[in-house]
Amino acid sequence: MGFASRSGMPGGFARTTVKLRWVGLIALLATLVVGLLMTPGTIQALEPGGFEVTRGTVAQTEEQLADRFGTAQVDLLILVGDSGHGSLVADPGARARLGTLLDRLRARPEVIQVVGPEQLPLSLSRDQREAVLMVSVRGDERTQQAEFGQLEAVARSVEGLEVALGGSLAANVDAQQLAREDLQRAELVALPIALLILLIYFRRPLPALLPILVGGFAITGTFPLLRGLAELTPVSLFALNIVVFLGLGLAIDYSLFIVQRQREELAIGNPVDVALRRTLATAGKTVLFSGIAVIVSLLALAWVPISLLRSIALGGTLVVVLANVGALVILPTLLALLGGRVAGEGVLGGGSIDPRIESPHGREGAWSRIAAAVMRRPGVVAAIVGAALLLTGAPVLRLQTAPADARMFPPTSEIHRVHAALSDSERFTVDPSATQLVLVTTASGGSMLAPDALAALQDYAQRLESIEGVVAVSGLNSVLGPQHPSLAELLAAPVVPPALQAELDALVADDATLLRVVSQLPSASPQARAQLAAIEARAPHELEVALAGAAAHARELDRALAERLPWAALTVALSSFVVLLLAFGAPVIALEAVIMNVLSLTASFGALVFVFQDGRFEQLLDYRSIGTIEPTVPVMMFALVFGLSMDYELFLLSRIREAWLRDADNSRSVIQGLTRTGAIITTAAVILIVFVLGLAAGTLVFMKQLGIGMALAILIDATLIRMLLVPATMGLLGKWNWWSPAWLTRMRAALGIELREGEAERERIAQGPANS
């Protein structure tokens, strides 16, 4: 019983837990109350979006354009049509109603500008019965959201006009509402289902309720921490649900391991403090190792400079810490408070064993048969399962990604409808809100109005107009025009016409000018990115260009992922390897685990492409395929699944290693380990799947992709990988599974690191009455 010795931290902590058991209950209740009260404020404090590169070059270019040319970001798109389907140009009544709406919007103090058909004819539909108004709003995102209600009221205030609201501001407001609904779903649907699963597993209400309480502690404790984190750094609203579902699922899984072990220890007659000490020294250590592995995997996302991923890295770290605190601090105090009642009335006084508590040998029938069958033909099982995983993952070879846009909202939402209208070439010539902005500066730093710079700019504009998909190029080149073949000559005149001077003042700032490139290509498409490359490539050597706009943001995101993703993936894989190496001292086992995780993820990525990219099961899953996968989804899945899989990996291998150290029989140790852990791993996986499917039950397409992808990965990991492929490969490797170099053995011995579960065992020690 060396791994659960009476000395050391577990023993002292267990005794302290028994003494301070009421403190844990008070902390639990206080966290639940404070967290629930802070939920609305936390949601409002988070920033919608997060799919752009943090402090990227595109954002810096947009800041320069705003400072030097007063360009205002389009925050709100208002799609306007006449109720009587009259022309907004030819019908006097429809034209007057549109004019009234424009006047009312421009009269609002929070509105910077409204661009309509008068300023931009391309904002009028082909049949002139619809128009899109592009509204720029003052203030930061929180200020804009506070004003949205009044802007919406004004937009809908003109009788005879039909309007639909889209754009980033409407999307941000809608996203916050969806976040609230998804959290309510977690409380009203996922938690009761998890409780039902725990009731089926424990067969008693009291031990089933404890993990739910710890899950509640983790989820409510997350809100104050996220609120504080949002004051220090931007936190994406879309990370909230991911972080909450992750923390909630882990907290319940961890608590499941702890409660089950405590019941086993109590059931054989150990007093409460002894049972707690042994529980913390076995299942508690497994939980701690798992928490460390998840945290390191999450922090790897911080390699990628994208707000959403960094928000998940930081927020996820906080919530996993809370899940560990809940399972290793709060839960033991509750177990100490309940005493023997958590194991049933029969053990209150350390007497008879409650027959409803499953011993390690109680549910072994089916799992023992599976394990024995695998070990009889490990090569055949490994070949079949490996081939099935590779076949399932084959579609990943044609994975196509595109950043999230308005299509991530359901087709019935106004945000999606506005985007669909502007993207429909039969309704609008182009999407006027997707104009690409080009900041042009002279390479020499000289004035943009110098003759050589003007000539280069004129030549550049003509080159841009010849690029495929470019509809128009406007800016200083428009002032040049055919009627003024030489602007340099006009500027050399003693007096510059006032109208021309006004245009120059708006378009030129010393060595820089602004060109607007109107494109008919969707901003998130590969063709739009190729168009950006052409815009850059055709710049003459006298000029330097920097790009802004939706397409530029999409390309920058792709580049950031391509540059940083290999480092993030290497960090995740290496951290998992190191954790397993320290836990078991077996390099072969650690490497095998990394390979298994890669296989699991490959299969889930392939399934993701098969479903969402190919547009299958749209009715069942309530979504509409956009033909691509959001590029951050595979990245998030990689880090999250690698971390989450450590739960089952550590729990299974610790049991196998314990059996191996006991009798050095590879086949028997694998069978015993699988037999002991089959039921609890399955239960934990099902609970986690319930919570990640909560993401898929939402209305945002990229959340559905993440939820379904993670659910598939967890399912594959807990079944095909843990129950079939891992035992099969261990059966093939034999004694090499636990080979350890001498230096590693000495280092682990010096550090005192050993992860072993062992069997529940009654200790006969002199002590006072058991605390009940």
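Remember, it's a predicted structure, so these values are computed and weren't measured experimentally. (Residues numbered from 1 in each chain as written. Predicted model: local features only at pLDDT ≥ 70, side-chain atom pairs only at ≥ 80, totals over all residues. Heavy atoms only, no water.)

## Considerations on the overall build of the protein
Thought 1: Regarding its fold elements, the protein presents 26 helices and 9 strands.
Thought 2: Within the protein, contacts between residues separated by at least 24 positions form 81% of all contacts whose residues are at least 6 apart in sequence. (Helix = DSSP H or I, 4+ residues; strand = E, 2+ residues; numbered from the N terminus. Contact = heavy atoms within 4.5 Å.)

## Observations regarding the pairing of strand E3 (residues 130-137)
Remark: a regular strand shows side chains that alternate across the two faces of the sheet.
Thought 1: With 8 of 8 residues buried, E3 lies mostly within the body of the structure.
Thought 2: What you see with E3 is no split at all: Glu-130, Val-132, Met-134 and Ser-136 on one side and Ala-131, Leu-133, Val-135 and Val-137 on the other are buried throughout.
Thought 3: Judged from the 6 bridges that link them, strand E1 (residues 76-82) and E3 form a sheet pairing that is antiparallel. Paired with Gly-81 across the bridge in E3 is Glu-130.
Thought 4: Direction of pairing for strand E2 (residues 111-115) relative to E3: antiparallel, over a ladder of 4 bridges. Looking across to E3, one finds that Val-111 is bridged to Val-137. (Buried < 20%, exposed > 50% of the residue type's maximum accessible area, 1.4 Å probe, protein only. Pairing = 2+ DSSP bridges.)

## Examining the pattern of salt bridges
Thought 1: Evaluation of the coordinates by the stated rule reveals 19 salt bridges.
Thought 2: The salt bridge partner of Glu-130 is Arg-427, with a shortest N-O separation of 2.6 Å. In this pair, Glu-130 is assigned in strand E3 and Arg-427 in the loop between helix H14 (414-423) and strand E5 (436-442), connecting sequence segments 297 residues apart.
Thought 3: Note on Arg-427: relative accessible area 31%, which makes it partly exposed. (Salt bridge = Lys/Arg side-chain N within 4 Å of Asp/Glu carboxyl O.)

## What to know about the sheet that holds E3
Thought 1: Pairing in this open sheet of 4 strands is antiparallel, and the strands run E2-E3-E1-E4 from one edge to the other. Single-partner strands in this sheet number two, and they are E2 and strand E4 (161-166). For this sheet the average axis-to-axis angle between neighbouring strands, irrespective of direction, equals 25°.
Thought 2: Strand direction decides the pairing type here: E1 and E4, joined by 6 bridges, are antiparallel. Following the sheet pairing, Leu-77 is matched in E4 by Gly-166.
Thought 3: Packed on one face of the sheet, helix H4 (residues 92-106) meets E1, E2, E3 and E4 and runs near 155° to E1.
Thought 4: Sheet contacts for helix H5 (residues 141-155): E1, E2, E3 and E4; angle to E4, the most-contacted strand, approximately 165°. (Axes fitted to C-alpha atoms, helices over the stretch in contact; angles between N-to-C directions.)

## Comments concerning the packing of helix H24 (residues 666-696) against helix H25 (residues 701-733)
Thought 1: Between H24 and H25, whose axes approach to 9 Å, the crossing angle comes to 175°. Classified by the interaxial angle, the pair formed by H24 and H25 is roughly antiparallel.
Thought 2: Across the contact of H24 with H25, the residue classes tally to 21 nonpolar, 5 polar and 2 charged. (Parallel < 35°, antiparallel > 145°, perpendicular 65-115°, else oblique. Nonpolar A, V, L, I, M, F, W, Y, C, P; charged D, E, K, R; others polar.)

## As for a nonpolar patch on the surface
Thought 1: Residues Trp-303, Trp-567, Leu-570, Leu-574 and Val-578 make up a contiguous nonpolar surface patch of about 510 Å² in total accessible area.
Thought 2: Checked against the element boundaries, Leu-570 lands in helix H20 (residues 550-584). (Patch = residues over 30% accessible without salt bridge, like charges linked within 9 Å, V, L, I, M, F, W, Y side chains within 5 Å. Areas by Shrake-Rupley, 256 points an atom, 1.4 Å probe, with all protein chains shown as cover.)

## Describing the packing of aromatic side chains
Geometrically, a pair of aromatic rings is defined through the distance of the ring centres and the angle of the planes.
Thought 1: Per the stated rule, a full pass over the model turns up 6 aromatic pairs.
Thought 2: Between Tyr-201 and Phe-202 the ring centres are 5.1 Å apart and the planes differ by 80°, which places this aromatic pair in the edge-to-face class. Comparing Tyr-201 with Phe-202, the two get one shared label, buried.
Thought 3: Ring geometry for Phe-612 and Tyr-623: centres 4.8 Å apart, planes at 50°, overall tilted. Taken together, the positions of Phe-612 in helix H21 (residues 587-613) and Tyr-623 in the loop between helix H22 (618-621) and helix H23 (632-663) put the pair 11 residues apart, joining distant regions of the chain. Residues Phe-612 and Tyr-623 agree in their burial class; the two are buried.
Thought 4: Across the ring face of Phe-610, the terminal group of Arg-616 is positioned such that the distance to the ring centre comes to 3.9 Å. (Phe/Tyr/Trp six-rings, centres within 6.5 Å; stacked < 30°, edge-to-face > 60°. Lys NZ or Arg CZ within 6 Å of the ring centre and 35° of its normal.)

## Digging into unusual backbone geometry
Negative phi characterises most residues that are not glycine, and trans characterises most peptide bonds.
Thought 1: The phi torsion at His-85 lies on the positive side, around 60°, for a residue other than glycine.
Thought 2: The topology assignment puts His-85 in the loop between E1 and H4.
Thought 3: Judged by its relative accessible area of 53%, His-85 falls in the exposed class.
Thought 4: Phi angles above zero are rare outside glycine, and Arg-203 is one such case at about 65°.
Thought 5: Note on placement: Arg-203 falls in the loop between helix H6 (167-202) and helix H7 (205-232).
Thought 6: Overall, the relative accessible area of 48% leaves Arg-203 in the partly exposed class.

## Quick notes on the environment of Val-158
Thought 1: Structurally, the position occupied by Val-158 is in the loop between H5 and E4.
Thought 2: Each C-alpha atom of the pair Val-158 and Leu-101 lies 6.4 Å from the other, and the pair is 57 residues apart in sequence.
Thought 3: Non-local contacts of Val-158, meaning those with residues more than four positions away in its chain, are made with Arg-97, Thr-100, Leu-101 and Arg-104.

## Considering the environment of Leu-32
Thought 1: Along the chain, Leu-32 turns up in helix H2 (residues 21-45).
Thought 2: Spatially, the C-alpha atoms of Leu-32 and Gly-221 are 7.1 Å apart, while their sequence positions differ by 189 residues.
Thought 3: Other than its neighbours up to four places away in sequence, Leu-32 contacts Gly-216, Phe-217 and Thr-220.

## Description of the packing of helix H10 (residues 283-299) against helix H11 (residues 307-338)
Thought 1: Two elements in contact, H10 and H11, have axes whose closest approach is 9 Å; the angle formed by their N-to-C orientations is 175°. Compared by their axis directions, H10 and H11 come out roughly antiparallel. Here Gly-284, Val-287, Leu-288, Gly-291, Val-294, Ile-295, Leu-298 and Leu-299 of H10 come into contact with H11, specifically with Ile-312, Ala-313, Gly-316, Thr-317, Val-320, Val-321, Asn-324, Ala-327 and Leu-328.
Thought 2: Partitioned by chemical class, the residues of the contact of H10 with H11 number 12 nonpolar, 5 polar and no charged.

## With respect to the nonpolar core
Within soluble globular proteins, side chains that are nonpolar tend to cluster in buried spots.
Thought 1: Counting residues in each nonpolar core, the largest one holds 195 residues, and the members touching the most others are Ile-78, Leu-133, Phe-238, Leu-240, Met-636, Phe-691 and Phe-702.
Thought 2: In this structure, Phe-691 is in contact with Ala-190, Leu-191, Ala-194, Phe-245, Leu-248, Gly-249 and Ile-252, ignoring residues within four places of it in sequence.
Thought 3: Listed in part, the 37 residues of the second largest apolar core include Leu-454, Leu-476, Ala-528 and Ala-539. (Core = buried A, V, L, I, M, F, W, Y, C linked by side-chain atoms within 4.5 Å.)

## What about the confidence of the model for the protein?
Thought 1: Chain-level pLDDT for the protein is 83 on average; 90% of the residues reach the 70-or-more range.
Thought 2: Model confidence for the protein, summarised as mean pLDDT per element, is weakest for helix H17 (residues 487-492) at 62 and strongest for helix H13 (residues 378-393) at 94.
Thought 3: Under a pLDDT of 50 for its full length, residues 1-8 has, in the predicted model, 21 contacts with residues more than four places off or in other chains.
Thought 4: Under a pLDDT of 50 for its full length, residues 345-362 has, in the predicted model, 32 contacts with residues more than four places off or in other chains. (pLDDT = per-residue confidence, 0-100.)

## Details of the environment of Leu-25
Thought 1: Mapped onto the elements, Leu-25 comes out in helix H2.
Thought 2: In this structure the C-alpha to C-alpha distance between Leu-25 and Leu-334, which are 309 residues apart in sequence, comes to 6.5 Å.
Thought 3: Discounting chain neighbours no more than four positions away, the residues touching Leu-25 are Thr-333, Leu-334 and Leu-337.

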